[in-house]
Amino acid sequence: MRVLGVDPGLTRCGVGVVEGVPGRPCTLIAYHVVYTEPEEELPLRLLHLDTELARLVAEYQPESVAVERVFSQHNVRTVMGTAQASAVAVLAGARAGLPVQTYTPSEVKAAVTGSGQADKAQMMAMVTRLLRLDAPPRPADAADALALAICHIWRGGTRARLAAAASAVRQRVAAQRSTAKRQGGTG
């Protein structure tokens, strides 16, 4: 599975592309950081981010997109910009017809390091190790995006299998009820 991970940010938006299967080492395909100028008007910044994310989705052809879920921050201005960048990232995946999944920072940390409380240094070290890189990806936004992609491969695959299994059970139960009703039972 090829996943495009996005660490949303209005000034710096990390993008990482990773390939792999659950439980196995992943392979780095690419990573980028999309920059926008703080002095530019908001619509132009969002348009630039949208254009670049659409270009990266077209270039790398991921099978799904993983985006960090925005969580409450003390700085309202920062959280607003992050939320707007997150929406652009979700839209880029949806526009391409791809499944999009969001993850909290704690979910990503737990998937990549085993601890939802891991710090930046631990995350950077694990991303470097898991992708068998000679040096950590820089800047940190890129490493965070790669961690999101790894998280989705390892956790998203499991989520998809569980959802498919639950759907199959619901269909089987519905079919049994329908059969029971046709045979005169109460189902």
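To be clear, the structure that these remarks concern was listed above.
Please read all numbers here as calculations on a predicted model, not as lab measurements.

What to know about the overall build of the chain
Phase 1: Looking only at helices and strands, the chain features five helices and five strands.
Phase 2: Going from N to C terminus, the chain has its helices and strands arranged as β-β-β-α-β-α-β-α-α-α.
Phase 3: Within the chain, the proportion of its 187 residues that are buried is 40%.
Phase 4: Counting only contacts in the chain whose residues sit at least 6 apart along the sequence, the fraction spanning at least 24 positions is 63%.
Phase 5: Carbon together with sulfur atoms contributes 55% to the accessible area of the chain, which is approximately 10200 Å² in total.

Remarks on the pattern of salt bridges
Phase 1: Applying the stated criterion across every chain, the model contains six salt bridges.
Phase 2: In this structure, K120 and D144 form a salt bridge, with 2.6 Å as the shortest nitrogen-oxygen distance. Placement of the pair is K120 in helix 4 (residues 120-130) and D144 in helix 5 (residues 140-182), with a sequence separation of 24 residues.
Phase 3: Shared partners join several salt bridges into a network, and the residues in it are E52, R55 and E59.

How each quantity is defined
Residues numbered from 1 in each chain as written. Predicted model: local features only at pLDDT ≥ 70, side-chain atom pairs only at ≥ 80, totals over all residues. Heavy atoms only, no water. Helix = DSSP H or I, 4+ residues; strand = E, 2+ residues; numbered from the N terminus. Buried < 20%, exposed > 50% of the residue type's maximum accessible area, 1.4 Å probe, protein only. Contact = heavy atoms within 4.5 Å. Areas by Shrake-Rupley, 256 points an atom, 1.4 Å probe, with all protein chains shown as cover. Salt bridge = Lys/Arg side-chain N within 4 Å of Asp/Glu carboxyl O.

Everything listed is a geometric property; what it means functionally is a separate question.
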